[in-house]
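# Remarks on the overall topology
Below are the chains, spelled out letter by letter.
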Amino acid sequence: MDIGALTFGTLLTDPYTGERVTQRERLSEVIEGAVLAEQLGFAWYALGEHHFGERDLIPSPQVVLGAIAERTTSIKVATGTTLVANRDPVLVAEDYATVDLISNGRLQLIAGASFYEAPYEVFGQDPASKPDRKRENLELILRLWAEDRVSWEGRFRPPLRDVHLQPRLLQTEPPVWVSGSAKPDSVHLAVDLGLPMVMGTVARSPEVNAPMFTLYRELWAEHGRPPQAARTGAASHVFVAETSQQARTQWREYLANYFRDATVPGGASRPEFDFDALIAGQAICGSPAEVVDKIGRMHELWNHDLHLLSIDLGGIPARTVARAMELVGSEVIPQVAGLGRHAAVAADA
């Protein structure tokens, strides 16, 4: 299993000290976090994309990934996710081909759609069109990367006539994963296009997420695709410290701070924050051994190949995040590295 770091560039006041870094300082922390992740053996460093909120600071991951690509040499530079349903697909194809070149072929793009209402309002898009936009735009991105010249007509943007995309993607295969949630639309999209998939596992318990992993593999088999190519990923809010008590004591207020500041889609009421329920369910918190155990139990349910860890939540100081990452690098990654490989080997035998 590959372990990656996932950040949304969350910028909040530290609930313990009352201190708050500037936007410039926070972006610098995000870039330095990628450098550290590479040194510690993380396989991916992924940036989420959010627009118009007060909490998360990265609306244009491609810009920050370009800076990260110049500071690193081996780690996958990734998005988690790119809002392909909301962005112009031609610009997405151009921007991320550029990142792929700058990074010497290290790009991984997770293709998704906004969970929040603001992008649809600001960009003049109907939220009900989200699955259709996601499919149409992703299909066009793949064509622009694969074909020398593209003529195309669809529902959501002006037609293309003999368009030659520049620059060209460096990788020969499209480095794209499809982002999914509790609905099967994205699972069907990923399987139809023969792409790996990252499930949106941060908001629901592991057991609730399991059917989507199963559906993906079932549909993959029905399409006659090789089972070892059915790759899946997951993501979790995570904190790790030397002991379980230390991790829980440190993280409780930061996680509460993160959820208090969350925007709830659709005007729904914000659920009551329950730290113990979260860490008993979808979140991961504890000593390195506990983190290894929780990821292992999730893998038993999901049989996934990639796990993205979102550590820098709620105003946690960069030095505290760095220490947690160091523990992941030294005591978690070596223990979970073999997960996910045995099934592929057995299927291939």
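Relevant structure appears above.
The structure contained in this document is the topic of the report that follows.

What counts, and at which threshold
- Residues numbered from 1 in each chain as written.
- Predicted model: local features only at pLDDT ≥ 70, side-chain atom pairs only at ≥ 80, totals over all residues.
- Heavy atoms only, no water.
- Salt bridge = Lys/Arg side-chain N within 4 Å of Asp/Glu carboxyl O.
- Helix = DSSP H or I, 4+ residues; strand = E, 2+ residues; numbered from the N terminus.
- Buried < 20%, exposed > 50% of the residue type's maximum accessible area, 1.4 Å probe, protein only.
- Phe/Tyr/Trp six-rings, centres within 6.5 Å; stacked < 30°, edge-to-face > 60°.
- Pairing = 2+ DSSP bridges.
- Right-handed = clockwise from strand over helix to strand, strands pointing away.
- Patch = residues over 30% accessible without salt bridge, like charges linked within 9 Å, V, L, I, M, F, W, Y side chains within 5 Å.
- Areas by Shrake-Rupley, 256 points an atom, 1.4 Å probe, with all protein chains shown as cover.
- Core = buried A, V, L, I, M, F, W, Y, C linked by side-chain atoms within 4.5 Å.
- Contact = heavy atoms within 4.5 Å.

### Focus: the pattern of salt bridges
Counting across every chain of the model gives 16 salt bridges. Note that Glu32 is salt-bridged to Arg71, the shortest N-O span being 2.9 Å. You can see Glu32 sitting in helix H1 (residues 23-40) and its partner Arg71 sitting in helix H2 (residues 61-71), a full 39 residues away along the chain. Arg323 is paired through a salt bridge with Glu326; the nearest N and O atoms lie 3.3 Å apart. One end of the pair, Arg323, and the other, Glu326, are both in helix H11 (residues 318-336), 3 residues apart, so they sit about a helical turn from each other. Relative accessible area serves as the criterion here: at 37%, Arg323 is assigned to the partly exposed category. Salt bridges here are not isolated pairs; linked through shared partners, they connect Arg26, Glu29 and Asp312.

### Re the packing of aromatic side chains
A ring pair, where both rings are aromatic, is described by two values, the distance of the centres and the angle of the planes. According to the stated counting rule, one finds 11 aromatic pairs in the structure shown. Relative to Tyr254, the ring of Tyr16 has its centre 5.2 Å away and its plane inclined at 65 degrees; by these criteria the two rings are edge-to-face. Residue Tyr16 is located in the loop between strand S1 (2-7) and H1, and its partner Tyr254 is located in helix H8 (residues 244-260); the two are separated by 238 residues in the primary sequence. The exposure class of Tyr16 is partly exposed, given its relative accessible area of 45%.

### Quick word on the pairing of strand S5 (residues 107-112)
In terms of residue burial, S5 counts as a mostly covered element, since 6 of its 6 residues are buried. Burial of S5 is two-sided: the residues Leu107, Leu109 and Ala111 facing one way and the residues Gln108, Ile110 and Gly112 facing the other way are all buried. One ladder, built from 2 bridges, connects strand S3 (residues 76-79) with S5; its direction is parallel. The residue bridging Ala78 from the neighbouring strand is Gln108, located in S5. When strand S4 (residues 82-83) meets S5, the two strands line up parallel, connected through 2 bridges. Within S5, the position partnered with Leu83 by the bridge is Gly112. Between S4 and its parallel partner S5, the chain crosses via helix H3 (residues 89-102), and the hand of that crossover is right-handed. Of the strand pairs in this sheet, S5 and strand S8 (residues 176-180) are connected by 3 bridges, and their pairing is parallel. From the neighbouring strand, Ala111 faces S8, where its bridge partner is Val178.

### So, the pairing of S1
Within S1, 5 of the 6 residues are buried, which leaves the element mostly enclosed by the surrounding structure. The pairing of S1 with strand S12 (residues 306-310) spans 4 bridges and is classified as parallel. Residue pairing for S12: Ile3 is matched across the bridge by His307. By the bridge criterion, 4 bridges tie S1 to strand S2 (residues 44-47) in an arrangement that is parallel. Bridge assignment links Thr7 to a residue of S2, and that residue is Leu47. Running through H1, the crossover from S1 to the neighbouring parallel element S2 is right-handed.

### Some thoughts on a nonpolar patch on the surface
Residues Phe52, Val122 and Phe123 make up a contiguous nonpolar surface patch of roughly 290 Å² in combined accessible area. Note on placement: Phe123 falls in the loop between helix H4 (118-122) and helix H5 (130-146). Among the residues examined, Phe123 registers a relative accessible area of 37% and is labelled partly exposed.

### Comments concerning the nonpolar core
Of all hydrophobic cores here, the largest spans 100 residues; its most connected members are Trp145 and Trp251. In terms of residue count, H11 provides more of this core than any other element does, 9 residues in total. Apart from the residues lying within four places of it in its own chain, the contact partners of Trp145 are Ala93, Tyr96, Ala97, Leu107, Leu109, Leu165, Arg168, Leu169, Pro174, Pro175 and Val176.

### Thoughts on the environment of Glu331
Position of Glu331 relative to the elements: it lies in helix H11. The exposure class assigned to Glu331 is partly exposed, which follows from its relative accessible area of 40%. Separated by 40 residues in the primary sequence, Glu331 and Val291 place their C-alpha atoms 9.4 Å from one another. When sequence neighbours within four positions are dropped, the list of residues in contact with Glu331 reads Pro288 and Val292.

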